[in-house]
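Architecture and fold: a report
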Amino acid sequence: MTPYGKLAIFGAGGHAREVAFIAERCGVAPATMAFVVEEAHLRETTVNGIEVHAIESGHCDGWPFVAAVGDPALKERATGLCVSRRMSAATLCDPSVGLHRTVVLGEGCILFPGAVLTVNVSLGRHVHVNVNSSLSHDCRVGDYSIFSPGARVAGHVHIGSRVFVGIGATIVNGLHNVPLPIGDDAFIAAGACVTGPVADGARVMGVPAKVR
Ligand SMILES: CC(=O)SCCNC(=O)CCNC(=O)[C@H](O)C(C)(C)COP(=O)(O)OP(=O)(O)OC[C@H]1O[C@@H](n2cnc3c(N)ncnc32)[C@H](O)[C@@H]1OP(=O)(O)O
């Protein structure tokens, strides 16, 4: 993806620091990045050598931004805050990422090192695909969903908005005519193996994954 001259990263925690790492790998210089947080969370003025600013200060108004928050619902809220400051969504795609030409990425997506999206995969807005996660043919993903490191999604899975997929989780195939649905706001625990549909808002865990 095109490097950005400036980049505001909403958040300053672990996920945000990792996103800054990806931005660097994409060619954005640390001196031209800033972490933005809400005033109440402003504890430090620099993190890993990158300036931290309260969003209310207006320092980053109008900058391209990524919402680097690990909770999907909070990421949606952060996006709203940034847009209200006339910031526009940036997309980061690590140089190592395997991406077929048929893949469609919504604005604000972040693809981490080793992520692989094969053919006819479509991601909504502000979807994060973390280190070594893969989504196979014909998967669709709604806005703000998050794939933690090592998540594996087989073909023909339709994943809703604000879905959290935990570290090392696996989601098995849907069928050509019957894609496997994962509902909006579902939470898939670390290491789960999802073998059937997941309802909106359900939390599933274990192998095979069950609601708990
Ligand atoms: C870069 C990064 O760091 S990305 C990090 C991404 N983070 C993750 O993927 C973590 C996601 N979180 C999880 O998977 C958590 O384990 C949760 C949210 C599912 C459960 O957390 P808690 O509610 O605190 O569960 P708690 O530890 O109290 O355990 C409750 C029960 O669930 C079981 N359990 C907890 N997690 C899991 C899991 N992932 N799979 C199967 N069973 C689990 C426990 O063994 C316990 O069972 P018991 O009642 O029979 O003793």
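Let us look at the structure shown here. (Residues numbered from 1 in each chain as written. Predicted model: local features only at pLDDT ≥ 70, side-chain atom pairs only at ≥ 80, totals over all residues. Heavy atoms only, no water.)

This brings us to unusual backbone geometry. Each neighbour pair has its own omega, and for V207 with P208 the value is -10 degrees, a cis peptide bond. With respect to the helices and strands, the residue P208 is situated in the loop between β24 (203-205) and β25 (210-211). Despite not being glycine, D185 shows a phi value in the positive range, around 65 degrees. With respect to the element layout, D185 can be found in the loop between β21 (180-182) and β22 (187-188). (Helix = DSSP H or I, 4+ residues; strand = E, 2+ residues; numbered from the N terminus.)

Here the focus is the packing of aromatic side chains. Overall, the coordinates contain one aromatic pair when judged by the stated rule. Centre to centre, the rings of F164 and F187 are 4.8 Å apart; their planes meet at 15 degrees, and the pair counts as stacked. A residue pair is termed long-range when its members are at least 10 positions apart, and F164 in strand β19 (residues 164-165) and F187 in strand β22 qualify at 23 residues. You can call F187 partly exposed: its relative accessible area is 35%. (Phe/Tyr/Trp six-rings, centres within 6.5 Å; stacked < 30°, edge-to-face > 60°. Buried < 20%, exposed > 50% of the residue type's maximum accessible area, 1.4 Å probe, protein only.)

A sheet is described by the order of its strands in space; here six strands give the open sequence β3-β4-β2-β1-β5-β6, paired in mixed fashion. Strands at the two margins of the open sheet, each flanked by one partner only, are β3 (46-47) and β6 (88-89). As paired strands, strand β1 (residues 7-10) and strand β5 (residues 64-67) are joined by three bridges and run parallel to one another. Along β5, the bridge assignment pairs A8 with F65. (Pairing = 2+ DSSP bridges.)

Within strand β2 (residues 33-37), five of the five residues are buried, leaving the element largely enclosed by the surrounding structure. Here four bridges tie β1 to β2, and the two strands are oriented parallel to one another. By the bridge assignment for β2, I9 is matched with F35. For the crossover that starts at β1, traverses helix α1 (residues 14-25) and ends in the parallel β2, the hand is right-handed. Relative to strand β4 (residues 50-54), β2 runs parallel, the two being bridged by four bridges. In the strand pairing of β4, F35 is matched with V52. (Right-handed = clockwise from strand over helix to strand, strands pointing away.)

Here we come to the environment of V129. Assignment of secondary structure puts V129 in strand β13 (residues 128-129). The sequence separation of V129 and I22 amounts to 107 residues, and the corresponding C-alpha distance is 12 Å. Not counting residues within four places of it along the chain, the set of residues in contact with V129 comprises I110, L111, F112, A115, L117, L123, L135 and F147. (Contact = heavy atoms within 4.5 Å.)

Here the focus is the pattern of salt bridges. Charged atoms that come close allow side chains of opposite charge to pair. Within the structure shown, the criterion is met by seven salt bridges. Two residues, R162 and E76, come together in a salt bridge whose shortest N-O distance is 3.4 Å. With R162 in the loop between β18 (157-159) and β19 and E76 in helix α2 (residues 72-84), this residue pair connects regions lying 86 residues apart in the sequence. The class for E76 is partly exposed, based on a relative accessible area of 31%. In this structure, the salt-bridge partner of R125 is E107, at a minimum N-O distance of 3.5 Å. Taken together, the residues R125 in the loop between β12 (122-123) and β13 and E107 in the loop between β9 (104-105) and β10 (110-111) connect sequence positions 18 residues apart. Counted as one network, the salt bridges with shared partners bring together E76, R162 and D185. (Salt bridge = Lys/Arg side-chain N within 4 Å of Asp/Glu carboxyl O.)

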